[in-house]
Amino acid sequence: MKKGIVIKSTGSWYTVKTSEGNFIESRIKGNLRLKGIRSTNPIAVGDHVELTELKEDNMEGGLLVGLISKILPRTNYIIRKSPNLSKESHILAANIDQAFLIVTIQYPVTTTTFIDRFLVSAEAYRIPCHLIFNKIDLYNDEQTAAMNSLIEIYEKIGYQCLKLSAKKNIGFDELRTMMTNKTNVFAGHSGVGKSTIINSIQPDMQLKTGIISEAHSSGKHTTTNSEMYELEFGGFIIDTPGIKGFGVLEMEKEEISHYFPEMFKLLDGCQFYNCSHTHEPQCAVKKMVEAGEIAESRYNSYLGLLEGEEKYRN
Ligand SMILES: Nc1nc2c(ncn2[C@@H]2O[C@H](COP(=O)(O)OP(=O)(O)OP(=O)(O)O)[C@@H](O)[C@H]2O)c(=O)[nH]1
Ligand SMILES: [Mg+2]
Ligand SMILES: [Zn+2]
């Protein structure tokens, strides 16, 4: 029996890096019982697994394959619900130290709704999350101003924000420092530059990157599966495929404001302990929204989550 980490998955094959440093193409053992969450991928990149090695004798030379017999408990994971198939969920990565959401103001546009949905999910699983504003080389004055006001909103809440240009190689010293000796994951829409940034961090990676469609100003889903890479300065990075809408998994309505840190810290100030921060008198959250201390866009994202999953697009 060997232990290892899943570093890549295609859906039917999993590449496992064993504790001895070997890479073994593996399948799931037929009778492996998968408990808990229902997802389209029962085993995710970052999972710690146990496996047995087998020789596949029908292949010439006897190819070595693995059979995954056990998944060790996850410390956390990033999961999203598919926008169309509401019963389906997909684990982007498991057992991570921190997530970076890659955001672009243009080419493609990343909305605050999308940012906030991602952050809420990360908060729900206690995953520290940072924002990277990429493609700063492309922005005009208006777009730069829009970016700066977003940065102001998110830094005030406590999220670290980084301005980056993967093309012009700006911002990478700080990014490398933040990533060192941690298991990191990059997420964001298709075309925001996740794979390009990883290539700039470590040029020998040479991950495939895509072009942005002129017509839709959107990416083309160049990265199709999550994959984990080792960083030469210590730690790991998981590249993930671009996501469109970020469906947050079901949570209790009273729970949602707990994942907005700027609201959570006010909860004692509301008159009612189960205040929904919508219509109640003496609501500390609403007061702060009115005073401009809580961003309107954040409050709208909160209301959107309260209303449920049917209404969002991206
Ligand atoms: N001008 C400019 N272009 C960039 C920058 N970063 C990435 N790009 C370009 O954006 C396009 C998409 O980059 P990718 O790295 O493939 O994007 P991705 O987020 O990995 O996309 P998916 O794999 O589809 O999820 C490529 O043409 C990159 O060259 C940047 O900082 N500035
Ligand atoms: Mg990519
Ligand atoms: Zn309230």
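Before any of the text, the structure's been laid out above.
One numbering rule holds for all chains: residues counted from 1, following each sequence as written. A letter from A marks each chain and a number from 1 marks each ligand, given out in the order of writing. Owing to the predicted nature of the model, reporting of local features is limited to residues with pLDDT of at least 70; listing and counting of side-chain atom pairs is limited to 80 or more, with chain, interface and lining totals taken over all residues. Computation of side-chain values covers all heavy atoms of the structure but excludes hydrogens and water.

**Q** How would you sum up the coordination of the magnesium ion (ligand 2)? Please name residues and give values.
**A** Donor atoms from the polypeptide that coordinate the magnesium ion (ligand 2) comprise Ser 195 (OG) and Thr 223 (OG1), at 2.0 to 2.2 Å from the metal. Highlighted residues: Ser 195 in helix α4 (residues 194–201) and Thr 223 in the loop between α4 and β12 (227–230), separated in sequence by 28 residues. Donors, by definition, are the N, O and S atoms found within 2.8 Å of a metal, the threshold being 3.2 Å for Na, K and Ca, and water is not counted, so a site can look incomplete. By the criteria applied, helices consist of DSSP H or I runs no shorter than four residues and strands consist of E runs no shorter than two, each listed in order from the N terminus.

**Q** Give me the lowdown on the coordination of the zinc ion (ligand 3), citing residues and values where you can.
**A** The protein atoms donating to the zinc ion (ligand 3) are Cys 270 (SG), Cys 275 (SG), His 277 (ND1) and Cys 283 (SG), with metal-donor distances spanning 2.1 to 2.4 Å. One can describe the donor arrangement at the zinc ion (ligand 3) as tetrahedral, given that its 4 donor atoms subtend angles of 105 to 116 degrees at the metal. Within one chain, the residues donating to the zinc ion (ligand 3) are spaced in sequence as C-x4-C-x1-H-x5-C. The same class applies to Cys 270 and to Cys 275, which are both buried. A site with four donors is called tetrahedral when every donor-metal-donor angle falls between 85 and 135 degrees; four donors are called square planar, and six octahedral, when opposite donors sit more than 155 degrees apart and all other angles fall between 65 and 115; any other arrangement is irregular. With a 1.4 Å probe rolled over the protein chains alone, any residue whose accessible area is under 20% of its type maximum counts as buried; one over 50% counts as exposed, and the rest are partly exposed.

**Q** Let's hear about the packing of aromatic side chains: which residues, and what values?
**A** In summary, the pairing rule links any two rings of Phe, Tyr or Trp, Trp by its six-membered ring, whose centres are within 6.5 Å, and it sorts them by plane angle into stacked for under 30 degrees, edge-to-face for over 60 and tilted for everything else. What the rule picks out here adds up to 5 aromatic pairs. Centroid distance Phe 100 to Phe 186: 5.6 Å. Interplanar angle 80 degrees. Geometry classified as edge-to-face. With Phe 100 in strand β8 (residues 98–103) and Phe 186 in strand β11 (residues 182–187), this pair connects stretches of sequence that are 86 residues apart. Phe 100 sits in the buried class, given a relative accessible area of 0%. Classification of Phe 186 as buried rests on a relative accessible area of 0%. Between Tyr 154 and Tyr 159 the ring centres are 6.5 Å apart and the planes differ by 55 degrees, which places this aromatic pair in the tilted class. Grouped by ring-pair contacts, the aromatic residues Phe 260, Tyr 299 and Tyr 302 constitute a single cluster. Above the plane of the ring of Tyr 77 lies Arg 74, whose end atom (NZ or CZ) is 5.6 Å from the centre. The criterion is that NZ of a Lys, or CZ of an Arg, lies within 6 Å of the ring centre and within 35 degrees of the ring normal, and then a charge sits over that ring.

**Q** Got a sec to walk through helix α3 (residues 172–179)? Specific residues and values, please.
**A** Inspection of α3 places Phe 172, Leu 175, Met 178 and Met 179 among the buried residues, and these make up the whole buried set. Around the axis of α3, the buried residues are gathered within 125 degrees of arc, so they sit on the same side. Residues Asp 173 and Thr 177 are exposed on α3 and point more than 90 degrees away from its buried face. Each element contacted by the buried residues of α3 is listed here: β8, β9 (129–133), β10 (161–163), β11, α4 and β13 (235–239). Immediately beyond the C-terminal end of α3, within one or two residues, lies Asn 181, with a positive phi of roughly 65 degrees. For this quantity, the arc is that covered by the directions from the helix axis to the C-beta atoms. Here, residues are in contact when the closest pair of their heavy atoms is within 4.5 Å.

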